[in-house]
Amino acid sequence: MKNSIKYYLKPNISTCMYSKLKKLLLIVLLLQLSACYTVEGVNYLQTNQDKLRIPLTPTEYKVQPSDILNIKVQSRDPDQSAFFNSSNTENRNIQPNPAALFLDGYSIDKEGTINLPIVGELEVSGLTVAEITELVQSEIDKYLLNATVQVKLTSFKISVLGDVKNPGTNYVYNAQSTIFEALSAAGDMNLSAKRKDVKLIRQVGRNSMVVNLDLTSPFIINSPYYFLHPNDVIYVETSKPNLFRNNIGILTLILSAVSTGLLILNFATN
C-alpha cells in the first residue's frame, strides 16, 4: 500500500517537461504576434498629402565600353543601305532575344570605338544615343542621299537580387526604366524586405558606385538614381526584425513538434 502511494505521488517527468514547453511555446507565440508587419515598413512612397507634385530629374546615359549598339541605315535604295547594316531588316516583328541583339549589334571596344562597314572606326564612348545618331548620320550622308539612321542601345539589362519574389536579370527594351519597374519585373519585394535601405550598384567608367535608396520616401522620384542605367544592380536586403520573426516561426514549429511528441509519450507511459 505504501509503495503504491509513493508511485502516485511521484512526479511524472514527461508531464512536467510538457508543461514547461507549453509555457515556452506560449511565450514564443506572443513574441511572434508582437513582431507584426507595419505600414511604415511595407508601403512605398509614404506621404500624408492627397496630392504631391515631384519634379523628375532623368539622367541621360552616356555609353561605355562593352555596351552594344544597334545601328540601322535606311534609304530609298535598300541594296545600298544594306552595306551599312550588320544584318538585314527582315523579320522585324519577331520577338528579339538578347543573343540576337548581341550578335547583330556593334560592341564598343575598350578604346570606346565602334567599326562601321565602309565608314570605319567612330569614337562613341561618353556620348548619348542621340549624339551617336547625329554622328553616324553625318558620316552616312557622305555616301548616301536621303538616308535615315536609327541607333538604339540594346545592352540595357537590370539585375535584381536579394529579398524579392523572382530575382534575376531582365532586359529593358525601352529608352528609360525606373527602379519600381525593375522591382515589378522581379515580382516585387517580399514583405520581409528592407525598403528603407535598398542598394543600387552602378558602373561608372572603371569604378562601381553603391548608393542606398529609401523607397518609402516619395522623394525617391526626384533622385538621380530613380531612372536606371544599363547594367545597374539592385540588391534588396532582409530586415533584422523580419529575420527574427522568421527564426521565431521555425522555433515555434520545433517546440510544437517536441511538445506533441512528449504528449504522446506521456499518454503512452500512463
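Details of the structure are given in the entry above.
Below you will find a few notes about this structure. (Residues numbered from 1 in each chain as written. Predicted model: local features only at pLDDT ≥ 70, side-chain atom pairs only at ≥ 80, totals over all residues. Heavy atoms only, no water.)

## Some words on the overall build of the protein chain
Line of reasoning, step 1. Scanning the protein chain for helices and strands turns up 8 helices and 10 strands.
Line of reasoning, step 2. Per-residue burial for the protein chain yields a buried fraction of 36% across its 270 residues.
Line of reasoning, step 3. Counting only contacts in the protein chain whose residues sit at least 6 apart along the sequence, the fraction spanning at least 24 positions is 67%.
Line of reasoning, step 4. Only carbon and sulfur atoms are counted for the fraction: they give 57% of the accessible area of the protein chain, which is about 17300 Å². (Helix = DSSP H or I, 4+ residues; strand = E, 2+ residues; numbered from the N terminus. Buried < 20%, exposed > 50% of the residue type's maximum accessible area, 1.4 Å probe, protein only. Contact = heavy atoms within 4.5 Å. Areas by Shrake-Rupley, 256 points an atom, 1.4 Å probe, with all protein chains shown as cover.)

## Some details on a nonpolar patch on the surface
Line of reasoning, step 1. A contiguous nonpolar patch, built from Phe83, Ile118 and Tyr143 and spanning about 360 Å² of accessible area, is present on the exposed surface.
Line of reasoning, step 2. Following the sequence through the fold, phenylalanine 83 ends up in the loop between helix H4 (78-81) and helix H5 (98-104).
Line of reasoning, step 3. Looking at phenylalanine 83, the relative accessible area reads 58%, which means it is exposed. (Patch = residues over 30% accessible without salt bridge, like charges linked within 9 Å, V, L, I, M, F, W, Y side chains within 5 Å. Salt bridge = Lys/Arg side-chain N within 4 Å of Asp/Glu carboxyl O.)

## Brief notes about the sheet that holds strand E8 (residues 198-204)
Line of reasoning, step 1. If you walk across this open sheet you meet the 5 strands as E7-E6-E10-E8-E9, and the pairing is mixed. At either margin of the open sheet sits one strand with a lone partner, and together these are strand E7 (168-171) and strand E9 (207-213). Along the sheet, successive strands turn relative to each other by an average axial angle of 20°, direction set aside.
Line of reasoning, step 2. As defined by bridge partners, strand E6 (residues 157-162) adjoins E7 across 4 bridges and the pair is classed as antiparallel. Bridge pairing links valine 160 to glycine 168 in E7. (Pairing = 2+ DSSP bridges. Axes fitted to C-alpha atoms, helices over the stretch in contact; angles between N-to-C directions.)

## A word on the pattern of salt bridges
Line of reasoning, step 1. Per the counting criterion, the structure on display carries 5 salt bridges.
Line of reasoning, step 2. With a shortest N-O distance of 3.8 Å, aspartate 197 and lysine 199 are connected by a salt bridge.
Line of reasoning, step 3. The closest approach of N and O atoms between arginine 202 and aspartate 232, which form a salt bridge, is 2.8 Å. Placement of arginine 202 in strand E8 and of aspartate 232 in the loop between E9 and strand E10 (233-236) is noted, with a sequence separation of 30 residues between them. Assigned by exposure class, arginine 202 and aspartate 232 land together as buried.
Line of reasoning, step 4. One connected set of salt bridges, linked through shared partners, spans Lys194, Asp197, Lys199 and Glu237.

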